[in-house]
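Results of the structural survey
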Amino acid sequence: QVQLVESGGGLVQAGGSLRLSCAASGRTGSRYVMSWFRQAPGKEREFVAGLRTPYGGIGYADSVKGRFTISRDNAKNTVYLQMNSLNPEDTAVYSCAFAVNGWAVFELRSNYGYWGQGTQVTVSS
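Residues numbered from 1 in each chain as written. Predicted model: local features only at pLDDT ≥ 70, side-chain atom pairs only at ≥ 80, totals over all residues. Heavy atoms only, no water.

**Looking at the state of the cysteines**
Tallied over the full model, the rule gives one disulfide. Each sulfur of the disulfide joining Cys-22 and Cys-96 lies 2.1 Å from the other. Between Cys-22 and Cys-96 the sulfur-sulfur dihedral comes to about -80°; the bridge is accordingly left-handed. Taken together, the residues span a long stretch of sequence, with Cys-22 in strand S3 (residues 18-26) and Cys-96 in strand S9 (residues 92-99) at a distance of 74 residues. Comparing Cys-22 with Cys-96 shows no difference in burial state: the two are buried. (Disulfide = S-S within 2.5 Å. Helix = DSSP H or I, 4+ residues; strand = E, 2+ residues; numbered from the N terminus. Buried < 20%, exposed > 50% of the residue type's maximum accessible area, 1.4 Å probe, protein only.)

Below is the structure:
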């Protein structure tokens, strides 16, 4: 079992920044994928950014490239999502996801067996 605890959401004005954190605990193993997804009201959950451990591969959705950065702290089993230049279209519930397969395709939701509780990000115009 893997537990995920997210933090860092909130309300920010357009153009502002937020940093989300996701701490993993339990039987994570040494090879896995941790990613961020988001779901806006009335829309499907969509991939935002993902990171492979220990290989270091990273992927981003086109809509966030150049604005969001995913990173990790291996000692803390924590993944971060730095979000800059936020706009109202980024408003959503952001969820952390964990895949036990270190080569899992980032965007495929069914690859992830564990999900965090989600954290609300609201960007005002």
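**Some points on the pairing of strand S8 (residues 78-83)**
The element S8 is largely enclosed, with a buried count of five among its six residues. Both S3 and S8 contribute to a ladder of six bridges, which runs antiparallel. Within S8, the residue paired with Ser-21 across the bridge is Tyr-80. Where strand S7 (residues 68-73) and S8 come together, six bridges link them in antiparallel fashion. (Pairing = 2+ DSSP bridges.)

**Brief notes about the packing of aromatic side chains**
Enumeration according to the criterion identifies eight aromatic pairs in this entry. Look at Phe-47 and Phe-106: their rings are 5.9 Å apart centre to centre, the planes differ by 10°, and that puts the pair in the stacked class. Pair noted here: Phe-47 is in strand S5 (residues 46-53) and Phe-106 is in the loop between S9 and strand S10 (114-115), with a separation of 59 residues, a long-range link. Look at Phe-106 and you get buried, because its relative accessible area is 8%. Through successive ring pairs, a cluster of aromatic residues spans Phe-37, Phe-47, Phe-106, Tyr-112 and Trp-115. Against the face of Trp-115 rests Arg-45, its NZ or CZ located 4.3 Å from the ring centre. Geometry around Phe-106 places Arg-52 over its ring, the cationic atom sitting 4.2 Å from the centre. (Phe/Tyr/Trp six-rings, centres within 6.5 Å; stacked < 30°, edge-to-face > 60°. Lys NZ or Arg CZ within 6 Å of the ring centre and 35° of its normal.)

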